[in-house]
Amino acid sequence: MRARRVLVGDAVRPATVRIADGRISAIDPHDSPADGALEVPDTATLLPGVVDTHVHVNEPGRTHWEGFATATRAAALGGVTTLVDMPLNSLPPTTTVGHLRRKQEAARGQLAVDVGFWGGAVPGNAGELEPLWDAGVFGFKCFLSPSGVDEFPPLDGAGFTRALRTVAGFGGLVIVHAEDAAVLASAPARPSRAYADFLLSRPDDAETAAIQQVVDGARETGARVHVLHLSSARALPLLQAARDEGLPVTVETCHHYLTFTAEQIPDAAPQFKCCPPIRDAGNRDELWSALRAGVVDCVVSDHSPATAEEKNRGDGDLQQAWGGVSGLQVGFTALAAEAARRGIDVADVSRWTSQNTADLVGLSRKGRIAVGADADLVVHDTAAATVVDAARLAHRNPVSAYDGLTLPGRVTHTLVRGRLVDPDLPDPGWGTQLERSA
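Residues numbered from 1 in each chain as written. Predicted model: local features only at pLDDT ≥ 70, side-chain atom pairs only at ≥ 80, totals over all residues. Heavy atoms only, no water.

1. Examining the overall build of the chain
1) Next: Each helix and strand in the chain was counted, giving 13 helices and 16 strands.
2) Next: Taken along its principal axes, the extent of the C-alpha atoms in the chain is 65 × 45 × 45 Å.
3) Next: Look at the contacts in the chain between residues 6 or more apart in sequence, and 75% of them connect residues 24 or more apart.
4) Next: In the structure as shown, the chain presents an accessible area of about 15800 Å², 49% of it carried by carbon and sulfur atoms. (Helix = DSSP H or I, 4+ residues; strand = E, 2+ residues; numbered from the N terminus. Contact = heavy atoms within 4.5 Å. Areas by Shrake-Rupley, 256 points an atom, 1.4 Å probe, with all protein chains shown as cover.)

And the structure:
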């Protein structure tokens, strides 16, 4: 592949990228002879494939919500060449090695991109964590408040500390849905179609209290911890202080928190409901500033789809509707569009969504254009536009907060380990199942 804009390391420069046996074999000058090279237009940038470490595939058990075939097709079309699947909302959840094997069997032959798996930490499964780690999961997700599904209950304070100590003992990673159960229980949560009322039911204090617990837990146990889907900018000082202290704490935010604002969201629009919620425009600006300053490490989709019936449960009552934003296929493009509006180059967006996420889970051959890396590549063209029609997206249920948007920029080509994805029929047998390397 030959392009005038190629992200190599920290620099965008002209280059010819050579591929052999699914990996990048050389990065040569732009004018090097290369018969048959795919020529990238000057309006486009050649980037490493997106590594989305927060995706709910839901298969087996809730495949009518989402499944491996539909999720990985959506991923490939959106420039995501690797995803890591969350341990819920599948049935059974990935909380034992046996459950992991059932998920891996369900995924076999259905993957258009490469897929890894998170394990889960729930009450009573501390003895399962090291066997899951040895079986290749990338870490362990837990909740500090109800998850929304009974089969994946939250950890109380003692259980959370026990999980941290256990995982610290073998050098693993704990990833945390950080909303405090007590704060949520005391927040007003009356039935309502008003988005403002939903916001009141998921206050900033729920995040700040839980993140303080996560930081304290990392200090006490030495465990590596990762804060999932940061929504509230009020927690940023806590995270900066943890970084300054040298604690092993990292944090992600999501495309939708950086794209939408509460002021834009109409009432009775459950496609925007997620937990923690999309907050106001000033909050969004602070999240962008934190990304640029390195306080927030990476950006992911938290693709959490459900059926239209689940999303519309309660006829617009946002307390009853299922929470989750379906953004796997369009999240990167939306993020790049908002970044461009703010004068931020797509190369920075790529680092937040590719290299930093790959580094989080130890995938050293993913998320970068370097000799020896997997040839997972994406062409993002600013001369093209993306018109989002939820009915035409590849994920299983046609519900999306991004529906109706026209986004400047488009993913025009995706390569997974050197093979160009056919946009009309991605190969469901090409993706591989990834395991954490020792």
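2. Details of empty space enclosed by the protein
Over the atoms a probe the size of a water molecule is rolled, and this reveals where empty space is left.
1) Next: In total, this model carries one cavity of 30 Å³ or more according to the counting rule given.
2) Next: Size it by volume and the largest cavity reaches roughly 40 Å³.
3) Next: Residues that form the lining of the largest cavity fall into these classes: five nonpolar, five polar and one charged. (1 Å grid on protein atoms, 1.4 Å probe; cavity = no way out; pocket = protein on both sides within 12 Å on 5 of 7 lines; lining within 4 Å. Points joined across faces, edges and corners; volume = space filled by probe spheres on them. Nonpolar A, V, L, I, M, F, W, Y, C, P; charged D, E, K, R; others polar.)

3. Comments concerning the sheet that holds strand S8 (residues 119-120)
1) Next: Spatially, the six strands line up as an open sheet ordered S8-S9-S10-S11-S12-S13, and their pairing is parallel. Edge positions in the open sheet fall to S8 and strand S13 (298-300), since each of these has one partner strand only.
2) Next: As paired strands, strand S12 (residues 249-254) and S13 are joined by three bridges and run parallel to one another. The partner of cysteine 254 across the bridge, within S13, is valine 300.
3) Next: Against the sheet, helix H4 (residues 157-169) touches strand S9 (140-143), strand S10 (173-177) and strand S11 (224-227), its axis set at about 155° to S10.
4) Next: Across the face of the sheet, helix H7 (residues 204-221) comes into contact with S10, S11 and S12 while running at roughly 165° to S11. (Pairing = 2+ DSSP bridges. Axes fitted to C-alpha atoms, helices over the stretch in contact; angles between N-to-C directions.)

4. So, the environment of arginine 18
1) Next: Structurally, arginine 18 can be placed in strand S2 (residues 11-20).
2) Next: Spatially, the C-alpha atom of arginine 18 lies 36 Å from that of alanine 290, the residues being 272 residues apart in sequence.
3) Next: Not counting chain neighbours up to four residues away, the residues in contact with arginine 18 comprise Arg23, Ile24, Ser25, Ala26, Asp28, Ser32, Pro33 and Ala34.
4) Next: There is a polar contact of 2.4 Å between the side chain of arginine 18 and the side chain of aspartate 28. (Polar contact = N/O pair within 3.5 Å; in protein donor to acceptor, adjacent residues only side chain to side chain.)

5. A few points about the packing of aromatic side chains
The description of an aromatic ring pair rests on the distance of the ring centres and on the angle between the ring planes.
1) Next: Applying the stated rule across the entire model yields ten aromatic pairs.
2) Next: For the pair phenylalanine 143 and phenylalanine 152, a centre-to-centre distance of 5.8 Å together with 75° between the ring planes defines the contact as edge-to-face. The same class applies to phenylalanine 143 and to phenylalanine 152, which are both buried.
3) Next: The interplanar angle of 55° and the centroid separation of 5.9 Å between the aromatic rings of tyrosine 195 and phenylalanine 198 together place this pair among those described as tilted. Of this pair, tyrosine 195 and phenylalanine 198 both sit in helix H6 (residues 195-201), three residues apart, which is roughly one turn of that helix. Phenylalanine 198 matches tyrosine 195 in its accessibility class, with the two residues each being buried.
4) Next: What links up through ring pairs into an aromatic cluster is the set Trp133, Phe140 and Phe170.
5) Next: Positioned over the ring face of tryptophan 430 is arginine 419, at 3.8 Å from the centre of the ring. (Phe/Tyr/Trp six-rings, centres within 6.5 Å; stacked < 30°, edge-to-face > 60°. Buried < 20%, exposed > 50% of the residue type's maximum accessible area, 1.4 Å probe, protein only. Lys NZ or Arg CZ within 6 Å of the ring centre and 35° of its normal.)

6. Description of unusual backbone geometry
1) Next: Omega for the bond connecting leucine 91 with proline 92 falls within 30 degrees of zero, at 0°, which places this linkage in the cis form.
2) Next: If you trace the backbone, proline 92 turns up in the loop between strand S6 (80-85) and helix H2 (97-107).
3) Next: At the junction of cysteine 275 and proline 276, the peptide bond is cis and its omega measures out at 0° in the coordinates.
4) Next: Looking at the element boundaries, proline 276 is found in the loop between helix H9 (255-259) and helix H10 (281-293).
5) Next: Positioned with a positive phi, histidine 229 is a non-glycine residue whose angle comes to about 35°.
6) Next: Summarising the element assignment, histidine 229 is placed in the loop between S11 and helix H8 (236-245).

7. Describing the pattern of salt bridges
1) Next: Under the criterion given, the structure shown has 30 salt bridges.
2) Next: We note a salt bridge from aspartate 359 to arginine 368, for which the minimum N-O separation is 2.6 Å.
3) Next: By relative accessible area, aspartate 359 is classed as partly exposed at 41%.
4) Next: In this structure, a network of salt bridges that share partners links the residues Arg23, Asp114, Arg365, Lys366, Asp374, Asp376 and Arg417. (Salt bridge = Lys/Arg side-chain N within 4 Å of Asp/Glu carboxyl O.)

8. Structural notes on H10
1) Next: Taking 1.5 Å as the rise per residue, H10 with 13 residues should run 18 Å; its terminal C-alpha atoms sit 19 Å apart, in good agreement.
2) Next: Along H10, the positions that sit buried rather than exposed are Asn283, Arg284, Leu287, Trp288, Ala290 and Leu291. All buried residues of H10 fall inside an arc of 160° around its axis, so they share one side. Away from the buried face of H10 by more than 90 degrees, exposed residues Arg292 and Ala293 are located.
3) Next: Where H10 terminates, the next one or two residues include glycine 294, which has phi positive at roughly 85°. (Expected span 1.5 Å × (residues − 1). Arc of directions from axis to C-beta.)

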